[in-house]
Amino acid sequence: MKIKRNGWVGLAWLSPTLLFVSVFVLWPMVHLVWLSFTSTSLLGGGEWVGFKNYTTAFNDPKFWAAFRFTLLYTVILTPILMGLGFALALLVSPNTPLRRVTRTVTFLPVVIGLASSSLLWFWLFDQQVGLFNRLLVDLNILSQPLVWFRKVDTAMIAVIISVTWKVVGFGMILIMAGIQSIPSDLFEAARIDGASLWLRVRRIILPLALRSILMATVLSVIGSMLAFDQFYLMTGGGPRGKTFTSVYWIYQNSFVRFDLGYGAALSVILMLVIMAMTALQLTLQSRGKA
Amino acid sequence: MTIALPARPLKRRAHGWLITAICIAVIALMLLPLVMSTLASLRPLAETSATPPSYLPSSLSLENYRKVAEYQQGIWVYVKNSAVVAGMAIVICLALSVPAGFALARFPVPGKEVLFLIILASMMVPYQALLVPMFLMFSKLGLTASPLGLAILHAVLQLPFSVYLMRNSFEAIPKELEEAARVDGASTAFQLRRVFMPLAMPGMVTVALFAFIASWNEFIGALILMNTESAFTVPIMLTGVVSGDFGAVDWGALQASVIVSILPCLAVYLALQKYYVSGLLAGAVK
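Cut-off values and rules
- Residues numbered from 1 in each chain as written.
- Chains lettered and ligands numbered in written order.
- Predicted model: local features only at pLDDT ≥ 70, side-chain atom pairs only at ≥ 80, totals over all residues.
- UniProt positions renumbered as here; feature names shortened; annotations may be inferred.
- Contact = placed C-beta atoms within 7 Å.
- Helix = DSSP H or I, 4+ residues; strand = E, 2+ residues; numbered from the N terminus.
- Nonpolar A, V, L, I, M, F, W, Y, C, P; charged D, E, K, R; others polar.
- Domains from an automatic or database assignment.
- Core = buried A, V, L, I, M, F, W, Y, C linked by C-beta atoms within 7 Å.
- Buried ≥ 20, exposed ≤ 12 C-beta atoms within 10 Å, placed from the backbone.

Looking at an unreviewed UniProt entry, one finds chain B named Maltose/maltodextrin transport system permease protein MalG, with Neogemmobacter tilapiae as its source organism. Quoted straight from UniProt, the Function (unreviewed entry) entry for chain B says "Part of the ABC transporter complex MalEFGK involved in maltose/maltodextrin import. Probably responsible for the translocation of the substrate across the membrane." A UniProt comment under Subcellular location (unreviewed entry) is attached to chain B, and it reads "Cell membrane".

Going by an unreviewed UniProt entry, chain A carries the name Sugar ABC transporter permease and comes from Neogemmobacter tilapiae. Turning to chain A, the UniProt annotation filed under Sequence similarities (unreviewed entry) states: "Belongs to the binding-protein-dependent transport system permease family." As recorded by UniProt, the Subcellular location (unreviewed entry) comment attached to chain A reads in full: "Cell membrane".

Now the structure itself:
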């Protein structure tokens with residue numbers, strides 16, 4: 001017996017979600033674009049100013065500095081996350097008990113909050129009470145405790161260490177799933193041929209898990225481009241405003257300086273950049289399927 | 001599925017020891033920050049600001065936890081706020097995604113795939129970019145400093161994933177079960193409740209689990225929307241602990257509250273690990 005259901009009944013079941021998405025996603029998007037052409041302030045008021053916010057943005061050295069800083073952060077962090085993620089994925093792919101435990105433990109920090117982990121590391125890095133500093137001194141890596149957040153370079157290193165600890169398990173799990181879906185007879189054949197680990201990685205694992213690696217890379221890049229919590233909590237944008245990220249700069253203009261119109265224009269630019277990246281991700285996904 | 005990453009027999013023993021050593025090193029490195037922080041939170045008050053810091057507390061004490069229990073409005077107020085927001089976010093996600101997934105999986109809805117794409121497309125928009133218009137809207141609706149407002153924002157984040165997952169869960173249910181229910185002449189709502197929902201339980205648990213973790217940890221939206229102290233969620237309370245009352249950081253209070261903020265996520269993840277990992281893979285590798 002073939003079931004015939006009424007499509008309009010289905011639409012009724014779907015309508016609450018459609019309404020919710022319209023009110024809380026589509027309408028804010030439209031409103032955002034409109035706001036970006038006004039001088040709306042958080043304190044009220046505002047009028048149509050045309051493209052002024054956009055010309056201000058393109059001539060604002062601090063906006064470009066924040067954008068460049070976010071790119072730099074992404075460019076440094078991504079290879080570290082993917083390299084370590086791949087190595088860990090190789091390590092934990094086989095289902096032996098010890099490797100499973102390693103997998104679970106490495107993934108633990110992924111589920112805790114970025115705010116919590118940032119503050120945990122903020123303490124570890126502290127020059128007076130931080131145990132990470134003490135450990136580095138005891139291991140003779142540092143001669144004395146370092147004030148990590150006083151210079152841009154060391155602040156960046158500190159944030160990257162903390163974020164790597166927090167999210168390396170994410171890439172690991174995605175890449176591991178890719179490795180685990182490789183047919184095991186390929187490994188069997190490689191074993192019979194006596195192929196070295198390096199050869200197996202290069203000839204079997206890398207090409208066949210490539211789609212997972214690309215996917216993890218794109219997701220990781222998008223996450224880094226939207227970085228906010230870790231810098232807000234660990235550096236506060238300092239020293240001298242040199243560690244503002246794009247999202248941080250939007251927050252600063254919209255909710256600290258109350259310039260919502262300008263914040264909206266910056267948000268539109270960010271939205272376009274991220275949507276282009278997501279489109280790239282979706283293309284990769286559908287290609288991988290075909 | 002198991003893959004034996006094969007080693008040549010002669011080398012196997014050495015290879016095995018090496019792997020064991022690496023695994024243990026990785027476990028130690030990943031756990032170290034959590035263990036250090038937990039131990040530090042259990043120090044007596046007098047030791048919390050000692051320079052240089054000691055690795056191990058001289059004795060264990062709950063003084064820091066007693067202190068955060070009275071911090072600002074008391075940490076339990078913020079834990080309760082976070083729990084209420086997360087609970088509401090879970091309810092909104094399930095209340096929307098279950099009927100939506102059901103409709104997409106089992107009804108010839110006109111324009112179905114386009115509507116589905118519109119729902120998924122909201123995943124392409126970073127919510128960080130929508131905070132300005134959302135803040136204005138929520139101010140008008142009286143939804144700032146309100147758990148419902150923040151829960152709506154968190155539901156926006158999780159909804160595309162939730163609908164996607166529920167659609168898949170309902171599609172995986174064999175047609176025969178549904179036909180038996182139809183022969184009995186049950187109403188659509190009855191079928192959903194009695195036939196479909198019990199079978200799609202793993203999907204619903206996954207939706208709830210992801211909504212909980214996302215909501216519990218979300219930061220920038222809560223920072224902007226929850227603009228009065230009594231409405232703070234746990235992550236926002238943490239920022240107050242860092243800036244401190246007189247500009248100095250109260251390290252003991254910070255460690256204790258960080259541990260309080262972490263524990264629910266770890267507990268939920270360890271209890272429902274299978275759902276979490278399969279959900280993550282379903283979400284990323286569509």
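That shown, we press on.
Asks: Honestly, the interface of chain A and chain B in this entry has me stumped. Any pointers?
Replies: Much of the literature gives interface size as the accessible area that the parts lose upon coming together. Each partner contributes residues to the interface: chain A has 82 residues there, and chain B has 80 residues. Broken down by element, the residue count for the side of chain A that touches chain B peaks at 18 residues, all from helix H1 (residues 7-35) of chain A. Among the residues forming the side of chain A that touches chain B, the class breakdown is 55 nonpolar, 22 polar and five charged.

Asks: What am I meant to see in the domain arrangement of chain B here?
Replies: Residue and element names in this part refer to chain B. Considered domain by domain, chain B is made up of domain 1 (13-61) and domain 2 (68-284). Taken residue by residue, the interface counts eight residues in domain 1 and six residues in domain 2. Across the side of domain 1 that touches domain 2, the residue classes break down as two nonpolar, five polar and one charged.

Asks: Sorry if this is basic, but what is going on with the UniProt feature "transmembrane region" (unreviewed entry) in chain B here?
Replies: Residue and element names in this part refer to chain B. In the numbering used here, UniProt assigns the "transmembrane region" (unreviewed entry) feature to residues 16-36, 83-107, 114-136, 148-166, 195-216 and 253-272. With 96% helix and 0% strand, residues 83-107 has end C-alpha atoms that lie 35 Å from one another. The span residues 114-136 shows a helical share of 61% and a strand share of 0%, and its end C-alpha atoms are spaced 29 Å apart.

Asks: So what exactly am I meant to see when it comes to the UniProt feature "domain: ABC transmembrane type-1" (unreviewed entry) in chain A here?
Replies: Under the UniProt annotation, "domain: ABC transmembrane type-1" (unreviewed entry) lies at residues 67-281 of chain A. Helix makes up 77% of residues 67-281 of chain A and strand makes up 0%, while its end C-alpha atoms are separated by 21 Å.

Asks: Help me out: how do you make sense of the nonpolar core in this one?
Replies: When a protein is soluble and globular, its nonpolar side chains tend to lie buried together. If you look at the biggest cluster of nonpolar residues, it comprises 173 residues, and the most contacted ones within it are A:Leu119, A:Ile175, A:Phe228, A:Tyr248, B:Ala89, B:Cys93 and B:Val156. Mapping this core onto the domain boundaries places at least three of its residues in each of domain 1 (13-61) and domain 2 (68-284) of chain B. With sequence-adjacent residues up to four places away left out, A:Leu119 is seen in contact with A:Leu233, B:Leu238, B:Val242, B:Leu254 and B:Val258.

Asks: Before we go on, may I ask you to explain the UniProt feature "transmembrane region" (unreviewed entry) in chain A in this structure?
Replies: The UniProt feature table records "transmembrane region" (unreviewed entry) at residues 12-34, 71-92, 104-124, 155-177, 208-228 and 260-284 of chain A. For residues 155-177 of chain A, helix accounts for 100% and strand for 0%, while the C-alpha atoms at its two ends are 34 Å apart.

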